[in-house]
Amino acid sequence: MTNVVLPLLRTASPQDLPALVALDALVSNNPWSAKQYSDALVDKEETERILVATIAEGLAGFVVTAIVLEEVSIYKVVVQPSLQRQGIGRSLMSKALTDARSRGARRCFLEVRASNFPAIQLYREMGFQADGRRPNYYSTGSGREDAILMSMQLDCGRV
């Protein structure tokens, strides 16, 4: 981590939709559609939630979560490429885990590309443990890549 950027963290609103779609398309091999983000933004059952990190220049990053009963899944953690490794991903994850705890979640699950060493390191530092692997889960420009499955108990994590 070089510099720490202190973003404003808040729940996303429908006005954030174009920026969410654009940022995901910029950094993801398999970005979500505008409809997927729109559905998450207006989730009437309030299982899905998008938290955004903003700085003066605009959207710095976001995290998408979903809670079912006492389990929260992290669907996406996305940070502007020029702002990566500056604490934004950690801030978003911490806020998402705190939010999930306050909503009754007791365990958190996520998947990460096996090649995404910075994210794996961050998740381990936050208290996640590797639980398994999904072979050939993610598509890449030249084939497929494994997903590392990770989880943590929310009552004992280092957020």
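Our structure's up above, just so we're on the same page.
Being a predicted model, the structure only gives us computed values, none of them experimental.

Asker: Mind showing me how you'd approach the overall build of the chain here?
Answerer: Looking only at helices and strands, the chain has 4 helices and 7 strands in total. Order of helices (α) and strands (β) in the chain, N terminus to C terminus: β-α-α-β-β-β-α-β-α-β-β. In terms of C-alpha radius of gyration, the chain reaches 15 Å, essentially the compact-globule figure of 15 Å for 159 residues. Referenced to the eigenvectors of the C-alpha coordinate spread, the extents of the chain come out at roughly 40 × 35 × 35 Å. Pairs at least 24 residues apart make up 63% of the contacts formed inside the chain by residues separated by at least 6 positions. Carbon and sulfur atoms make up 51% of the accessible area of the chain, which totals about 8700 Å². In the chain, which carries 18 positive and 17 negative side-chain charges, the distance between the mean positions of the two groups comes to 4 Å.

Asker: Could you clarify how one ought to interpret the sheet that holds strand β5 (residues 107–113) in this entry?
Answerer: By definition, the strands of a sheet pair up through backbone hydrogen bonds, in either a parallel or an antiparallel sense. Reading across the sheet, the 7 strands line up as β1-β2-β3-β4-β5-β7-β6 and stay open at both edges, with mixed pairing between neighbours. Only two strands of the sheet have a single neighbouring strand rather than two, namely β1 (8–11) and β6 (129–140). Between one strand axis and the next, the sheet turns by 25° as a mean value, whatever way the strands run. Strand direction decides the pairing type here: β6 and strand β7 (residues 143–153), joined by 8 bridges, are antiparallel. If you follow Arg 133 over to β7, its bridge partner there is Ile 148. The strands touched by helix α1 (residues 17–27) within the sheet are β2 (48–55), β3 (58–68) and β4 (71–79), with β3 carrying the most contacts at an inclination of about 95°. Of the strands in this sheet, β2, β3 and β4 are in contact with helix α2 (residues 34–41), which crosses β2 at around 100°.

How each quantity is defined
- Residues numbered from 1 in each chain as written.
- Predicted model: local features only at pLDDT ≥ 70, side-chain atom pairs only at ≥ 80, totals over all residues.
- Heavy atoms only, no water.
- Helix = DSSP H or I, 4+ residues; strand = E, 2+ residues; numbered from the N terminus.
- Rg over C-alpha atoms; globule rule 2.2 N^0.38 Å.
- Contact = heavy atoms within 4.5 Å.
- Areas by Shrake-Rupley, 256 points an atom, 1.4 Å probe, with all protein chains shown as cover.
- Lys, Arg positive; Asp, Glu negative; His and termini not counted.
- Charge placed at Lys NZ, Arg CZ, Asp CG, Glu CD.
- Pairing = 2+ DSSP bridges.
- Axes fitted to C-alpha atoms, helices over the stretch in contact; angles between N-to-C directions.

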